[in-house]
Amino acid sequence: MKEGPDIARIAALIGDPARANMLTALMTGKALTATELAAEAGITGQTASSHLSKMDDGGLLRVRKQGRHKYFSLANDDVATVLEGLMGLAAKTGHLRTRTGPKDAPLRKARVCYNHLAGDMGTRMFDAFIAQGYLQTTGEALDLTPLGEDFMRRFGVDLDGLRRAKAPLCRECLDWSARRSHLAGSVGRALLTRLEDLGWARRTAGSRVVTFTRQGERQFLTEVIGALR
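This text gives an overview of the structure that appears in the document.

Calculation rules
Residues numbered from 1 in each chain as written. Predicted model: local features only at pLDDT ≥ 70, side-chain atom pairs only at ≥ 80, totals over all residues. Heavy atoms only, no water. Pairing = 2+ DSSP bridges. Helix = DSSP H or I, 4+ residues; strand = E, 2+ residues; numbered from the N terminus. 1 Å grid on protein atoms, 1.4 Å probe; cavity = no way out; pocket = protein on both sides within 12 Å on 5 of 7 lines; lining within 4 Å. Points joined across faces, edges and corners; volume = space filled by probe spheres on them. Axes fitted to C-alpha atoms, helices over the stretch in contact; angles between N-to-C directions. Parallel < 35°, antiparallel > 145°, perpendicular 65-115°, else oblique. Contact = heavy atoms within 4.5 Å. Nonpolar A, V, L, I, M, F, W, Y, C, P; charged D, E, K, R; others polar. Core = buried A, V, L, I, M, F, W, Y, C linked by side-chain atoms within 4.5 Å. Buried < 20%, exposed > 50% of the residue type's maximum accessible area, 1.4 Å probe, protein only. Expected span 1.5 Å × (residues − 1). Arc of directions from axis to C-beta.

Attention now goes to the sheet that holds strand E2 (residues 61–66). One open sheet accounts for 3 strands, arranged E1-E3-E2; its pairing is antiparallel. Pairing within the sheet leaves two strands with one partner each, and these edge strands are strand E1 (32–33) and E2. Sheet topology places E1 next to strand E3 (residues 69–74); 2 bridges connect them, and they run antiparallel. The residue of E3 that forms the bridge with Leu32 is Phe72.

Our focus in this paragraph is the layout of surface pockets. The volume enclosed by the second largest pocket comes to roughly 210 Å³. Lining the second largest pocket are Thr33, Ala34, Thr35, Ser49, Leu52, Ser53, Asp56, Val63, His69, Lys70 and Phe72. Elements represented by at least two residues in the lining of the second largest pocket include exactly helix H3 (34–41), helix H4 (45–57) and E3. Here the lining of the second largest pocket gets 4 residues from one element, more than from any other, and that element is H4.

One can describe the packing of helix H2 (residues 17–25) onto H4 by two numbers: an axis separation of 10 Å at closest approach and a directional angle of 75°. Put simply, H2 runs roughly perpendicular to H4. Residue-level contacts link Ala18, Arg19, Met22 and Leu23 of H2 to Ala48, His51, Leu52, Lys54 and Met55 of H4. Residues belonging to the contact of H2 with H4 are distributed by class as follows: 6 nonpolar, 1 polar and 2 charged.

Over the atoms rolls a probe the size of a water molecule, and in doing so it shows where empty space is left. Enumeration over the complete set of coordinates arrives at 1 cavity of 30 Å³ or more. Roughly 30 Å³ of volume is contained in the largest cavity. As for the largest cavity, its lining consists of Asp77, Ala80, Thr81, Cys113, Tyr114, His116, Arg171 and Cys173. Looking at the lining of the largest cavity, the elements that each hand over two or more residues are helix H5 (77–92) and strand E8 (171–174). Per element, the largest residue contribution to the lining of the largest cavity is 3 residues, and it comes from H5. Its residues placed into classes, the lining of the largest cavity shows 4 nonpolar, 2 polar and 2 charged.

Another point: the nonpolar core. Counting 33 residues, the largest nonpolar core has Leu117, Phe129, Val187 and Phe220 as its most contacted members. Looking at this core, the elements with two or more residues in it are helix H7 (119–131), strand E7 (141–144), helix H8 (146–155), helix H9 (159–165), helix H10 (185–197), strand E11 (210–212) and helix H11 (214–225). Those residues in contact with Phe129 that sit more than four places away from it in its chain are Tyr134, Leu135, Phe151, Met152, Leu183, Leu191 and Val224. Within the second largest apolar cluster, 28 residues are counted, among which are Met22, Val79, Leu83 and Met87.

Its 12 residues give H11 an end-to-end C-alpha distance of 15 Å, which sits within 8% of 16 Å, the value for a rise of 1.5 Å per residue. The complete set of buried residues in H11 reads Gly216, Phe220, Val224 and Ile225. For H11, the arc enclosing every buried residue in end-on projection is 100°, short of the 170-degree limit, so these residues lie on one face. Relative to its buried face, H11 has exposed residues pointing more than 90 degrees away, namely Arg214 and Thr222. Contacts made by the buried residues of H11 are with strand E5 (116–118), H7, H8, H10 and E11.

Below you can see the structure in the form of structure tokens.
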């Protein structure tokens, strides 16, 4: 194709194994240094710097300086969505880098997808919101219903504040492990933050795993999956 978006360039940037490992590491939503990303990719610092420069030029990364260090994060939600979609496609077509097993169970149960809840807990929440009439799909659009807005406010989500930010409230994100949808967008991000603020769940340092406390999981299943009454 001679005109239009250059998908080949973006695909080439993501497709390199070392760069793919670094991008996957950034799916935790946290900013990492070049040294930390080099360790994730198993390459030297000099090689990592070259890769990071290419991804920055390609619009995949956001770079911030603090003191003597540079911190790298994904440029935006669009990049995270593409990466999660590629993970789903790779899993669906059998392209897995490791065998599934007990080691993967916590990751499959609950994990962070850039800034929102994914894994089994995330897809169960999405399915419950659809079944209870809190979310509705219109073509490709996903929106909160009045019932959904009422639930979010009672659960402590500041919808008015989210709307002022003018970012999409709700997006449907394909979950690579469950191969079903979970909730992204500013509402998805706010819900994960709320779960952490309540002490029901916490992110595992150095991992994408989200760990629920025993009591937190019971309350999540009752008050979110079962819905507040």
